[in-house]
Structure formats: C-alpha cells, structure tokens
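# Coordinate inspection notes
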Amino acid sequence: MSVSAFYRNFHAVTAMSPIQFQKQIRLQEARLLLATHPGDVTGVGQRVGYDNPSQFSREYRRQFGAPPSQDAARLRRSVHALVARRPVDLAGATRVRRVRPPT
C-alpha cells in the first residue's frame, strides 16, 4: 500500500491524520497519568513522548480546554465527589447473584 493510499484509508476510518491520531492517543494517556501523578506534569509529558514541556502544555490545553495541572485537579475533584456520593459495598461486590430461569 502506498503512503498516500494509507493516509486516505486511515483518514476515512478515523476522520483524522495519523499524526493527529497519535497526538490524541498520547494526550489521552497523559490525562490518565496526570490523574494518578498530578505533581509531575513535565515527567508525564516526557513519558508520553513530549520533549518540550511548553509544547506538551499547549497541546494538552488545546485538546482538553485547560492546562494539565488544572485539568488533573478537576478530574481528581470529580472522582472524589463521585466516590463520596456512592459508598462502595466491598462485601457485596464479590457476591454472584444467581438468576432463576423462567419456568
């Protein structure tokens, strides 16, 4: 398959170029990492393939609408709010509920 045919087929399936797709995947991975490692924005950027912290921050802001550190703080607040509203029943989580077949 030629390069131009690959590009056309890839764009037809994903509605984006291969580079845009790769960038989106890297930024989504960075978002997940920032939720668990909030204080290490530069390290997370490097881990997903950005050598320049300002470029990482700029592209992250463009993708998610907020700088990495602010977005990570917002995500953590959202998760904490969800957990606080709904207590988890660990004892009931492992039980298997049996359903009787209709007779």
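Described below are features of the structure shown in this document. Residue indices begin from 1 for each chain and proceed along its sequence in written order. Per-residue local features of the predicted model are confined to residues with pLDDT of at least 70, and side-chain atom pairs are confined, for both listing and counting, to 80 or more; whole-chain, interface and lining totals are unaffected and use all residues. Side-chain measures here rest on the full set of heavy atoms in the structure, leaving out hydrogens and waters.

Salt bridge, as used here: a side-chain nitrogen of Lys or Arg that lies within 4 Å of a carboxyl oxygen of Asp or Glu. Taken as a whole, this structure holds three salt bridges when the rule is applied. Between Asp71 and Arg31 there is a salt bridge, with the nearest N and O atoms lying 2.8 Å from each other. Residue Asp71 is located in helix α5 (residues 68-85), and its partner Arg31 is located in helix α2 (residues 18-36); the two are separated by 40 residues in the primary sequence. Buried, partly exposed and exposed residues are distinguished by accessible area as a fraction of the type maximum, computed with a 1.4 Å probe on protein chains only: under 20%, between the cut-offs, and over 50%, respectively. For Asp71, a relative accessible area of 1% corresponds to the buried category. Since its relative accessible area comes to 23%, Arg31 is described here as partly exposed. Runs of E in the DSSP output that reach at least two residues are strands. Runs of H or I that reach at least four are helices, and both are numbered from the N terminus.

By size, the foremost hydrophobic cluster in this structure holds ten residues: Leu27, Ala30, Leu33, Leu34, Val44, Val48, Tyr50, Phe56, Tyr60 and Ala72. Elements represented by at least two residues in this core include exactly α2 and α4 (53-64). A total of four residues in this core trace back to one element, the largest contributor, which is α2. Here, two residues are considered to be in contact whenever any of their heavy atoms come within 4.5 Å of each other. Contact partners of Leu34, with chain neighbours within four places excluded, come to Asp40, Val41, Val44, Phe56, Tyr60, Pro68, Ala72 and Arg76. In this description, a nonpolar core means a group of buried Ala, Val, Leu, Ile, Met, Phe, Trp, Tyr and Cys residues linked to one another through side-chain atoms lying within 4.5 Å.

Here a ring pair, both rings aromatic, is described through the centre-centre distance and the interplanar angle of the planes. Aromatic rings from Phe, Tyr and Trp, taking only the six-membered ring of Trp, are treated as a pair when their centres fall within 6.5 Å; an angle between ring planes under 30 degrees marks them as stacked, one over 60 as edge-to-face, and anything in between as tilted. Evaluated as defined, the whole model comprises five aromatic pairs. Taking the centre distance of 5.4 Å and the plane angle of 55° together, the rings of Tyr50 and Phe56 count as tilted. Since its relative accessible area comes to 6%, Tyr50 is described here as buried. Among the aromatic residues, those joined into a ring-pair cluster are Tyr50, Phe56, Tyr60 and Phe64.

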